[in-house]
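# Descriptive analysis of the structure
Okay, here's what each chain looks like letter by letter:
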Amino acid sequence: MLINRASLAAATTGFKTLFNTAFSAAPSDWDKVAMLVPSAARQETYAWLGTTTRFREWIGDRVVQNLGTHDFTIKNKTFENTVAVQREDIEDDAIGVYSPLFQSLGADARTHPDELVFALLKAGTSTLCYDGQYFFDTDHPVDNGSVANLTAGDATAWYLLDTSKPVKPLIFQKRRDYTFIAKTELTDDNVFKAKEFVYGVDCRANAGVGLWQLAHCSRAALSADSLNAAIAAMMSVKGDNGKPLNVRPTLLVVPPILRTTALTLVKAETIEGTTNPNRDAVEVLISPWLA
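Note that the structure is a prediction, hence the values are computed from the model and not measured. (Residues numbered from 1 in each chain as written. Predicted model: local features only at pLDDT ≥ 70, side-chain atom pairs only at ≥ 80, totals over all residues. Heavy atoms only, no water.)

For the rest of this paragraph, the subject is helix α6 (residues 259–267). Three or more residues of α6 are buried, namely A262, L265 and V266. Looking straight down α6, one finds that the buried residues subtend no more than 80° of arc, so they occupy a single side. (Buried < 20%, exposed > 50% of the residue type's maximum accessible area, 1.4 Å probe, protein only. Helix = DSSP H or I, 4+ residues; strand = E, 2+ residues; numbered from the N terminus. Arc of directions from axis to C-beta.)

In structure tokens:
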């Protein structure tokens, strides 16, 4: 292949098409547990986290619910993923061997939010949230007492979430979308010095924890009893105003090692000859990012 702007543009178009196709096809689950928050600055402050809003009978003046009681901030980070194609391979029209590389680049970009979000869920017992406690903790301050969204134990951790509300348990904050960029000018240093055409993807984003009230982590062995206890604990959570938060667990998130146990608990019609009361009580999400 003759190396010129036209041939390089054609090669870049082909690589970008492979990237986009793989990006669209890659399985991704982050939006099942986290909400997307567009960002317009270096960081975003979530002053409203922790505020509970409920209706009251209107007697006298309106009572404005304070949205500025917390100063929880998520800072954006910049991420990149870069690959190179040898000049000789383009000259020799051997660019087909790079197809899997650009497909992987697209899949990586699509699943990068999963990597961030589920790593944060896994680290919830050591990640601070808006109230100054760990996201999963035994003593979140509520009114004049404390509430736990963590069950201690030595078993593999599993998670119960309420994803039915506009606010999700976790946050994926995006400042700049994943962008495919090519450095293919013959005068670029990477070409002139190293005989490489460089292609990269970058973004600005980050993940953060949202409302701990909508999530429960359990280190008790996953069973009907431990699942029922977690459901009851979540549904019993109240706000600082003393009113129930109407939490309704919808999603059981487990690592691959708990796949069979989780599916049996919520999908089987009967367990040991007895009608299963938890059948379809929640959906199950088996995440390889929790392995």
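Read on for the rest.
Attention now goes to the packing of aromatic side chains. Tallying each qualifying case throughout the model produces 10 aromatic pairs. Taken together through their ring pairs, the aromatic side chains of F15, F19, F23, F102, F180 and Y199 make up a single cluster. Across the ring face of F23, the terminal group of R110 is positioned such that the distance to the ring centre comes to 5.7 Å. (Phe/Tyr/Trp six-rings, centres within 6.5 Å; stacked < 30°, edge-to-face > 60°. Lys NZ or Arg CZ within 6 Å of the ring centre and 35° of its normal.)

Let's shift gears to the sheet that holds strand β9 (residues 170–183). Strand order in the open sheet formed by 4 strands is β1-β9-β10-β4, with mixed pairing between adjacent strands. The open sheet has two free edges, formed respectively by β1 (34–38) and β4 (77–86), since each of these has just one partner strand. Strand-to-strand, the axes of this sheet are offset by a mean angle of 30°, without reference to chain direction. Here β1 runs beside β9; their pairing, made up of 5 bridges, is parallel. Residue pairing in the sheet places L36 in a bridge with F172 of β9. Its contacts with the sheet put helix α1 (residues 5–25) on β4, β9 and β10 (196–209), and the angle it makes with β9 is roughly 155°. Across the face of the sheet, helix α3 (residues 99–122) comes into contact with β1, β4, β9 and β10 while running at roughly 160° to β9. (Pairing = 2+ DSSP bridges. Axes fitted to C-alpha atoms, helices over the stretch in contact; angles between N-to-C directions. Contact = heavy atoms within 4.5 Å.)

The subject of this paragraph is unusual backbone geometry. The phi angle at N246 is positive, at roughly 60°, despite the residue not being glycine. Structurally, N246 can be placed in the loop between α5 (224–235) and β12 (251–254). On the basis of relative accessible area, N246 is assigned to the partly exposed category, the value being 38%. Even without glycine at this site, D280 takes up a positive phi of about 60°. Within the secondary structure, D280 is located in the loop between β14 (274–275) and β15 (283–286).

With respect to the element layout, I90 can be found in helix α2 (residues 87–91). A sequence separation of 106 residues divides I90 from E196, and the C-alpha atoms of the two residues are 9.9 Å apart.

V33 and V253 are the most contacted members of the largest nonpolar core, which totals 76 residues. It is α3 that provides the largest number of residues to this core, a total of 8 residues. Each residue touching V253, except ones within four places of it in the same chain, is listed here: V33, F118, L121, W158, Y159, L161, L285 and L290. (Core = buried A, V, L, I, M, F, W, Y, C linked by side-chain atoms within 4.5 Å.)

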